[in-house]
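Overview (structure and organization)
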Amino acid sequence: MSFNRSILVLLSLALILIFGAATLAQDTTLTMLTHWGTEDQLAAQQAIIDAYMESNPGVNIELVTVDFGELRTKIITGRTAGISADVYHFYHLWLPDFVNAGVLDQPPEDALAYINENVAQGTIDAVSTSDGQTWGYPTEVNPYLLVYNKRLLAEAGYDTPPANWNELKEIAAAITQVDDTGAISQVGLGVMPGWDSGIVHPFSALLFSNGGNYLSADRTVAEFNSAQGIETLQLYADLVASGGTDPSINGLGNFPSGTVGMVIMAPWWRATLRAAEGVDFETEVRVAEIPVGPSGDAPSSIAYTWLFAVDSSSPNKEAAWDFIHWMNAEHDEGAGSAIGDFLVNALGAIPSFDHDQAAFAESMSDHYVSAFVAASAYARPEQIVAGGQEIKTLLQVEIEAVLAGMTTPEDALASVEQQANAILEEQRMMAEE
Amino acid sequence: MSSPAIKSSWWMPDIPKSAVLRRRMLWAYVFVAAPIIALLVFLAGPILFSGWVSLHRWDMLSPVGDMPWRGLQNYVFLLTRDSIFIKALGNTFLFAIGGVGANTILGLGFALLLNSRIRGRTVWRVLYFMPVITAPLALAVMFSFIFDRNYGIVNSVITALGLPRQPFLSGPNQALMTLIFIAIYQYVGYYIVIFLAGLQGIPQDYYDAAQVDGAGNWQEFRFITLPLLRPVMLFVVVTNTIGALQVFDLVFATTGGAPANSSMTVVLHMYNTAFKFSRMGRASAMAFILFAIIMLITVMQVRLLRDRSYQD
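This text gives an overview of the structure that appears in the document. Please read these numbers as outputs of a predicted model, since none were measured by experiment.

Broken down by element type, chain A carries 18 helices and 12 strands. Expected size for 433 residues packed as a compact globule is a radius of gyration near 22 Å; at 24 Å, chain A falls within 12% of this value. Principal-axis analysis of the C-alpha atoms gives chain A an extent of 90 × 55 × 50 Å. Considering chain A as a whole, with its 433 residues, one finds that 54% of them fall into the buried category. Carbon and sulfur atoms make up 52% of the accessible area of chain A, which totals about 17400 Å². Within chain A, one finds 15 positive and 57 negative side-chain charges whose respective centroids are separated by 3 Å.

For the rest of this paragraph, the subject is the sheet that holds strand E9 (residues 285-288) of chain A. Residue and element names in this part refer to chain A. Taking strand neighbours across the sheet as the criterion, the five strands line up as E6-E7-E8-E5-E9 in an open arrangement whose pairing is mixed. Lying at the two open borders of the sheet, with one neighbouring strand each, are strand E6 (177-178) and E9. Bridge count for strand E7 (residues 184-190) against strand E8 (residues 260-265) is three bridges, and the pairing is parallel. Each residue of the ladder has a partner; that of Leu189, found in E8, is Met262.

Here the focus is the pattern of salt bridges. Going through the model one piece at a time under the given rule, you end up with 12 salt bridges over all chains. Note that Arg151 of chain A and Glu155 of chain A form a salt bridge whose closest N and O atoms lie 3.2 Å from each other. Here the residue Arg151 of chain A and the residue Glu155 of chain A both occupy positions in helix H7 (residues 150-155), the gap between them amounting to four residues, near one helical turn. A residue is classified by how much of its surface remains accessible, and Arg151 of chain A, at 29% relative accessible area, is partly exposed. Residue Arg151 of chain A pairs with Glu284 of chain A through a salt bridge whose shortest N-O separation is 3.0 Å. Note that Arg151 of chain A is positioned in helix H7 and Glu284 of chain A in the loop between helix H12 (270-275) and E9, a separation of 133 residues in sequence. Salt bridges linked by common partners bring Glu390 and Glu426 of chain A together with Arg57 and Arg279 of chain B together as one network.

With 34 residues of chain A in contact, the opposing surface of chain B contributes 29 residues. Across the interface of chain A and chain B, roughly 2700 Å² is buried in total on both sides, 54% from carbon and sulfur atoms. Per-residue buried area on chain A facing chain B is highest for Ile76, Glu390 and Met406 of chain A; these three make up 18% of the total on that side. The interface formed by chain A and chain B holds three salt bridges in total. Between Arg57 of chain B and Glu426 of chain A there is a salt bridge; the shortest N-O distance is 3.2 Å. One can count 11 residue pairs in polar contact (both at pLDDT 80 or more) joining chain A with chain B. Grouping the constituent residues of the side of chain A that touches chain B by class yields 14 nonpolar, 11 polar and nine charged.

To continue, consider unusual backbone geometry. Residue Ala258 of chain B is joined to Pro259 of chain B through a cis peptide bond whose omega torsion reads -10 degrees. Structurally, Pro259 of chain B can be placed in the loop between helix H11 (249-254) and helix H12 (266-276). You will see that Arg219 of chain A, though not glycine, has its phi angle at about 60 degrees, which is positive. Along the chain, Arg219 of chain A turns up in the loop between helix H9 (196-208) and helix H10 (227-242). Phi at Asn261 of chain B is positive, roughly 65 degrees, even though this residue is not glycine. In this fold, Asn261 of chain B is placed in the loop between H11 and H12. Overall, Asn261 of chain B belongs to the buried group, its relative accessible area being 10%.

Quick notes on the rules
Here the residue index of a chain counts from 1 through its sequence in written order. Whichever chain is written first becomes A and whichever ligand is written first becomes 1, with later ones labelled in order. This being a predicted model, a pLDDT of at least 70 is required before a residue's local features are given, and a value of 80 or more before pairs of side-chain atoms are given or counted; all residues contribute to the totals for chains, interfaces and linings. To get the side-chain values, all heavy atoms of the structure are used, and hydrogens and water are removed first. Working definition: helices are DSSP H or I runs of at least four residues, strands are E runs of at least two. Numbering for both runs from the N terminus. When we talk radius of gyration, it's over C-alpha atoms, and the globule rule is simply 2.2 Å times the number of residues to the 0.38. Each residue is placed in one exposure class: buried if its accessible area under a 1.4 Å probe, protein chains only, is under 20% of its type's maximum, exposed if it is over 50%, and partly exposed if it falls in between. Computed by Shrake-Rupley with a 1.4 Å probe, the accessible areas treat only the displayed protein chains as cover when residues are assessed. Residues counted as positive are Lys and Arg, residues counted as negative are Asp and Glu, and His and the chain ends are not counted. Charge placement uses NZ in Lys and CZ in Arg. For Asp and Glu, CG and CD serve respectively. A pair of strands is labelled paired if DSSP reports no fewer than 2 bridges between them. For salt bridges, the criterion is a side-chain nitrogen of Lys or Arg within 4 Å of an Asp or Glu carboxyl oxygen. When checking whether two residues touch, look at their non-hydrogen atoms; a contact exists if any pair is within 4.5 Å. Values labelled buried area give the accessible surface lost by two parts on being combined, using a 1.4 Å probe and summing over both. A 3.5 Å cut-off defines polar contacts: any pair of N or O atoms within that distance qualifies, except that in protein one atom must be a possible hydrogen donor and the other a possible acceptor, and neighbouring residues in sequence count only when both atoms are side-chain atoms. Residues are sorted three ways: Asp, Glu, Lys and Arg are charged, Ala, Val, Leu, Ile, Met, Phe, Trp, Tyr, Cys and Pro are nonpolar, and all the rest, Gly among them, are polar.

See below:
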């Protein structure tokens, strides 16, 4: 054997030993897919992962994050390509579609028992299918409320936020400022066109506060095309007509810069608002209940949930569920869970587990999150149904059409209702096939 | 002396008898087979699979074997009941007509200018080509700011001239037109270069002879430049049309089809249908309808421009 060949053989053996040892040392690799992708959020998630790996040698966890807008696509394409993640954190509206397609693994009995023991029934229902099967650990609970800029309201002559729709229209119009050239420098109520949740969730919050429904109780028929629904969409048309809102000013981007008076939004926005330069979080950002509509009798709202679940094709289901449980469980009494800490302190969201709500009560007691905690007691959970994402997008487009003056509230809701009912009917037939 | 050859079959050329040459021919087939197999696996395979999927209801999550059969239902739904698809089809045609027309006329016009002896010709050529090499998404973001209703520089100029402020990308009647403008800005430089190459391929002798016969500039353009540019014109019109009918990135990054689908295009609707609504069958049907339309238009364009060039 020549000298060169000997060196080659030795190097090959060394590589085999190194990689072989590494493989033996980390014999289980899990991939977790989330949508929390800012630098701070990534660091906080990695800290949780590192802590778990430290206490569970032999398990290696890789974190993958994508923007929320691409999360569903990433899950679908990953499954199709055979490179799906083991652990998903996803929006509960997609749950029926994923369950029908066999994407998810059923949680083990001890996990279900833990969830049942430590989470409110309403939140459990939000991560369960209509047959009562729970599919994962619920995480953030996000009710919607009216977030407003106290300074802009005061400058417009109002000390208190609107309690009903007439006041909402009046205050919104008073806040809006348009210069001589027609440029809108400040708008009363910010809407969020181009984002389905940013359009449909505020619409639903107003609809519920006007006594309306989104779907029927058995989730088989759309009910937003009602007198209450038309009144809700007419509110949007009125706001546009009076200048109280304008779709060219996006509430999501412009409220933090101090040019939007009010926006209907969820608690997870706290981190953004705290870092905002155009509005002072402590002295100017305030939260109020959703104004009550003419057909409503009390403020209401909508709340959506996310959950951790395991892919049914994962070769390491047991390890995946163990990791999810570890993240959500309270290891020291009164300390809360790792995810609870992350949700409350990194996001400003409300955690699902009772022990987290107790452990982080102080962190949730600020003027911002505390209002959402109170609202979570009465907010109605978003109704999940197979095809729900498609219905939501169709509704978003029609609401935007009303905002753009392209259609009337009556025509818009009639059109979506017809399409939504066709989708629900199709899904029912698919389930029966 | 050449080796005697044998005739193998209708699809195989004459194969030399010599063992060495036969081995060489074998290797030639091996090398040719590699790209053909790749083509079959990565192009023909997906196309056939997509055609099969278009006849089913598939959410991309369920196993392929469990796809429920739908026959032509996806096609019928798209052509008769999917108002967004019909709207997107109309928008895509408008986008293609506006983009192809403007790119062809402006591309040729600027190419004629740049082909003449103007000062700083090289600098102008570089400037016109720069948008072509700029990332489409960067352009989309830049134009979102430029055309902003409230803070955009275009509206600042318009209002300074005493004209009313325009919504551009946020207006249902203007979003598509604004996108066409951005697409022209993005691609006209590419077509200028193509026309320029065509112009420089026309022999100077023809122009000299025409001038001797007393032809003016317009006559030179009408009877020499245009006829001899027809092959280039064909290339520009066909490739531009195909590209315009497949527009996606620009719309995705600027309006996302908003407001209220007023700027929705077929490929964006296809993307939403497949990945947002998990309806891969319907999205595949859209792809085949779009393919048929592109094929039809391309054949028409080729026939129209090619036949006339032959006559000339």
